[in-house]
Amino acid sequence: MTKLLVLALWAFVLVGCANSPSVQFFVLEPLSQSAPVMATDTGQRTIGIGPVSLPSMLEHKQIVTRWSDNTVKMAEFQHWASPLQDNVVQVLARNLSSLQPNNIVRTYPWSVHGMVDYQVIVDIVRFDTTPGKSADLEANWTIKDEAGHKALKSGRSIIKHVLGDTSYPANVRALSKILSQFSQELSLALLQVDVSKH
């Protein structure tokens, strides 16, 4: 009788597992090739991206969304394919490489490759979506002359993208879009620094 009960319990567990939704994995994507290229004739520069910090609530593997009643939701079956901070840094680097093809872009730490000309430090204080409403990015950033350890330019970026779709794929696409817009702001700031030094 006991053996039959154990077999019945195992069958129940297996059926439950078979019926549970599978986990979806998502990644942020770099900007499209249609984005404007920003280049100058000041020669090749090496740009270092990082450190880049994110709010601690985004350090989870689950996708986090914000709701209008000051609550957040961690998706049970929608996860990031890699740590979000790593994904953000990779996308920023790829975006800046596309926007400034004359320059070399490296990610922090870059000591194994030698020094960089400019270091871009980014503190992201918000990077999330309110499903059906908006995707939001708020970040403080500083461009430094690494050799002179001098801050050349600082700023704060606030980017909002209206979001009518509540699906997770739409939310992730919106996050990729505002990260692309942020990359373009950083690229423009780097050009302004480059021009002011020459």
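Residues numbered from 1 in each chain as written. Predicted model: local features only at pLDDT ≥ 70, side-chain atom pairs only at ≥ 80, totals over all residues. Heavy atoms only, no water.

Engineer: Help me out: how do you make sense of the nonpolar core in this one?
Structural biologist: Leu-28, Val-52, Val-88, Val-122, Phe-127, Leu-179 and Phe-182 are the most contacted members of the largest nonpolar core, which has 45 residues in total. Mapped by element, the contributors of at least two residues to this core are strand 2 (46-53), strand 3 (62-66), strand 4 (72-80), helix 2 (84-99), strand 6 (118-130), strand 7 (134-145) and helix 3 (168-196). Looking at this core, the element that brings in the most residues is helix 3, giving 12 residues. Discounting chain neighbours no more than four positions away, the residues touching Val-122 are Pro-51, Val-52, Ser-53, Ala-139, Asn-140, Trp-141, Phe-182 and Leu-186. (Core = buried A, V, L, I, M, F, W, Y, C linked by side-chain atoms within 4.5 Å. Buried < 20%, exposed > 50% of the residue type's maximum accessible area, 1.4 Å probe, protein only. Helix = DSSP H or I, 4+ residues; strand = E, 2+ residues; numbered from the N terminus. Contact = heavy atoms within 4.5 Å.)

Engineer: Help me understand unusual backbone geometry, please; the structure alone is not making it clear to me.
Structural biologist: The bulk of non-glycine residues show a negative phi, and the bulk of peptide bonds are trans. Gly-50 connects to Pro-51 through a cis peptide bond whose omega is 0°. Mapped onto the elements, Pro-51 comes out in strand 2. Looking along the chain, the bond that leaves Tyr-108 and enters Pro-109 is cis, with omega of -5°. Phi is positive for Asn-70, which is not a glycine, with a value near 65°. Among the structural elements, Asn-70 can be located in the loop between strand 3 and strand 4. Classification of Asn-70 by relative accessible area gives exposed; the value is 77%.

Engineer: Before we go on, may I ask you to explain the pairing of strand 6 in this structure?
Structural biologist: For a regular strand, side-chain orientation follows a simple rule: the groups alternate between the two sheet faces. In terms of residue burial, strand 6 counts as a mostly covered element, since 10 of its 13 residues are buried. Relative to strand 6, strand 2 is paired through five bridges, and the arrangement is parallel. Bridging across to strand 6, Ile-47 finds its partner in Tyr-118. Examined bridge by bridge, strand 6 and strand 7 share 12 bridges and lie antiparallel to one another. Considered in strand 7, the bridge of Ile-121 is made with Thr-142. (Pairing = 2+ DSSP bridges.)

Engineer: Just checking my understanding: could you explain the environment of Val-120 for this structure?
Structural biologist: Mapped onto the fold, Val-120 is located in strand 6. Each C-alpha atom, one on Val-120 and one on Lys-144, is 6.5 Å from the other, the two residues being 24 residues apart in sequence. In this view, Val-120 contacts Ile-47, Gly-48, Ile-49, Gly-50, Pro-51, Thr-142, Ile-143, Leu-186 and Leu-190; residues no more than four positions away in its chain are not counted.

The quantities given are spatial measurements derived from coordinates; they are silent on function.
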